Every structure is written in C-alpha cells, then in structure tokens.
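So you can see what is in the structure, the chains are spelled out below.
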Amino acid sequence: MTSAPAPPVTRTAPVHRVRPQDAARMRALRLEMLADAPLAFLETVAEAAARPHADYAARIAYVSQGCHTAQFVADPGGRLVGHAGGTLSPDEPDLTVVYAVYVTPSWRGSGLLGALIDEVAAWSRACGRPQLMLEVVVGNDRACRAYHRLGFTDTGVRVPHPKIPALNELQMRRPA
C-alpha cells in the first residue's frame, strides 16, 4: 500500500522591503545565495565577501525607497530566509524585471516564494508597471516549475547568460 505524498508545508515569514538596518543580515543572506546557487546570480561568493560592509549598507539604503529598484526580504526574526528584487526595465516602461530571487533551502516549498513575488508585484503596480519578467538558467527546471505555479509563462525568448557564455537563460512573464 502506497501513501499519498505529503502536502506541501506552509510556513510564513513576514516579507518587507529592505530597510537600512537590514544591511548586515542582507549581506549574510547574499553570501548564502551565492554559495547555494552560483549560476543564478551575477557575482561570486569571493567578490561579494570582499565588498566592504559600507558598500552593502549604501546599496540597501538605495533600494529601500523609490520606484527605480527595490528589494524584499522574508524575515521570520533573526536570519533572513528569502529575497526577491525588482527593477525598472530600461527598454519597457511598463515592465519590472524581477531579479535575485532566493529562498533558503529549509524554507523551499513553504509558500515563501509566492509571498516574495507578490511583494515585488505590488510594488511594481504601485510604481505604474503592470508586467513582471524574470530570467532563469535553461535547465533549472525546478525554478521554472515554481515560477509557472506563480503564473509566469515561458515567452520562448532565450538570452545568453550574462556571466557564463556556455549557458542561456529563458525569459518568463506574468502580470504584476
């Protein structure tokens, strides 16, 4: 007799736009992101670790306000466990490009990815941009399935990975 698979565990953590006081915790999360998923981001752990704390603090202060770019974090208290950013598309004024999406492994499957994307989407709409787009490394089927469940569709567009010429990324879009 086989049993049905267990339903996904739903856990919640408050999601908020980063604040200047989040800089040290954001730096720790960034280093985790880069170590866990090196192909998904545009810098290495070594590059990020070498950056002075003042640089992180300045970046977090910049993305904590306004409509050009924003970062959102999942914050259960203590260590941050998720991140998603959004930025104005330079080519399409009604589009927000979603970037640096990450959920700590122990929180994957908890529904946190959806909460992070929802915050980026709400910010995008408030800034007058009704569309979201993100790029995923071709072959990262788990991420593609997760984004598909959140309403993203593969546009068919493939672009070279910005750091690794042998890889391509696929573009996915959805309404904000």
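In the block above lies the structure referred to throughout.
Residues numbered from 1 in each chain as written. Predicted model: local features only at pLDDT ≥ 70, side-chain atom pairs only at ≥ 80, totals over all residues. Heavy atoms only, no water.

The next subject is the environment of Gly82. Mapped onto the elements, Gly82 comes out in strand 3 (residues 82–88). Classification of Gly82 by relative accessible area gives buried; the value is 0%. As a C-alpha pair, Gly82 and Leu29 span 53 residues in sequence and 7.8 Å in three-dimensional space. With residues up to four places along the chain from it excluded, the contact list for Gly82 reads Leu29, Phe72, Val73, Ala74, Tyr102, Val103 and Leu116. (Helix = DSSP H or I, 4+ residues; strand = E, 2+ residues; numbered from the N terminus. Buried < 20%, exposed > 50% of the residue type's maximum accessible area, 1.4 Å probe, protein only. Contact = heavy atoms within 4.5 Å.)

Our next topic: the pairing of strand 5 (residues 131–137). Counting buried positions along strand 5 gives five out of seven residues, so the element sits mostly inside the fold. Judged from the three bridges that link them, strand 4 (residues 95–103) and strand 5 form a sheet pairing that is parallel. Its bridge partner lying in strand 5, Leu95 is registered against Gln131. Read from strand 4 through helix 4 (residues 112–126) to strand 5, the crossover connection turns out right-handed. Two strands pair when backbone bridges link them, and strand 5 and strand 7 (residues 168–175) are joined in this way by seven bridges, in the antiparallel orientation. Residue pairing for strand 7: Leu132 is matched across the bridge by Arg174. (Pairing = 2+ DSSP bridges. Right-handed = clockwise from strand over helix to strand, strands pointing away.)

Take helix 3 (residues 53–63) next. Those residues of helix 3 that fall on the buried side of the exposure criterion are Tyr56, Ile60 and Val63. Summarising the axial view, the buried residues of helix 3 lie within an arc of 70°, below the 170-degree limit, and thus occupy one face. Where helix 3 is buried, its residues touch strand 1 (15–17), helix 1 (23–36), helix 2 (45–50) and strand 2 (69–74). (Arc of directions from axis to C-beta.)

Before going further, it helps to examine the sheet that holds strand 2. Strands belonging to one sheet form pairs held by backbone hydrogen bonds; the direction of such a pair is parallel or antiparallel. With respect to topology, seven strands assemble into an open sheet ordered 1-2-3-4-5-7-6, the strand pairing being mixed. What marks the edges here is a single partner per strand, and that holds for strand 1 and strand 6 (153–160). Ignoring strand direction, the axes of neighbouring strands in this sheet form an average angle of 25°. Both strand 1 and strand 2 contribute to a ladder of three bridges, which runs antiparallel. What sits directly across from His16, in strand 2, is Val73. Helix 3 rests against strand 1, strand 2 and strand 4 of the sheet, and its axis sits at about 105° to strand 2. Across the face of the sheet, helix 4 comes into contact with strand 1, strand 2, strand 3, strand 4, strand 5 and strand 7 while running at roughly 155° to strand 4. (Axes fitted to C-alpha atoms, helices over the stretch in contact; angles between N-to-C directions.)

On to the environment of Tyr147. Within the fold, Tyr147 resides in helix 5 (residues 141–149). You can call Tyr147 buried: its relative accessible area is 9%. Along the chain, Tyr147 and Met172 lie 25 residues apart, while their C-alpha atoms are 8.1 Å from each other. If we skip the residues at most four places from it in the chain, Tyr147 touches Val101, Leu113, Leu134, Val136, Phe152 and Met172.

We now examine the pattern of salt bridges. What the rule picks out here adds up to 10 salt bridges. The network of salt bridges with shared partners includes Arg19, Asp22, Arg25 and Asp75. (Salt bridge = Lys/Arg side-chain N within 4 Å of Asp/Glu carboxyl O.)

Residues Leu112, Leu132, Val136 and Tyr147 are the most contacted members of the largest nonpolar core, which totals 30 residues. Among the secondary structure elements, those contributing two or more residues to this core are strand 2, strand 4, helix 4, strand 5, helix 5 and strand 7. Other than its neighbours up to four places away in sequence, Leu112 contacts Ala13, Val15, Ala74, Val81, Val103 and Trp107. Counting residues in each nonpolar core, the second largest holds 15 residues, with Met26, Met33, Ile60 and Val63 among its members. (Core = buried A, V, L, I, M, F, W, Y, C linked by side-chain atoms within 4.5 Å.)

On to the packing of helix 1 against helix 3. Interaxial distance between helix 1 and helix 3 falls to 9 Å at its minimum, and their mutual angle equals 105°. Taken together, the axis directions place helix 1 and helix 3 in an arrangement best described as roughly perpendicular. The residues of helix 3 that touch helix 1, namely those facing Ala23, Ala24, Met26, Arg27, Arg30 and Leu31, are His53, Tyr56, Ala57 and Ile60. Its residues placed into classes, the contact of helix 1 with helix 3 shows seven nonpolar, one polar and two charged. (Parallel < 35°, antiparallel > 145°, perpendicular 65-115°, else oblique. Nonpolar A, V, L, I, M, F, W, Y, C, P; charged D, E, K, R; others polar.)

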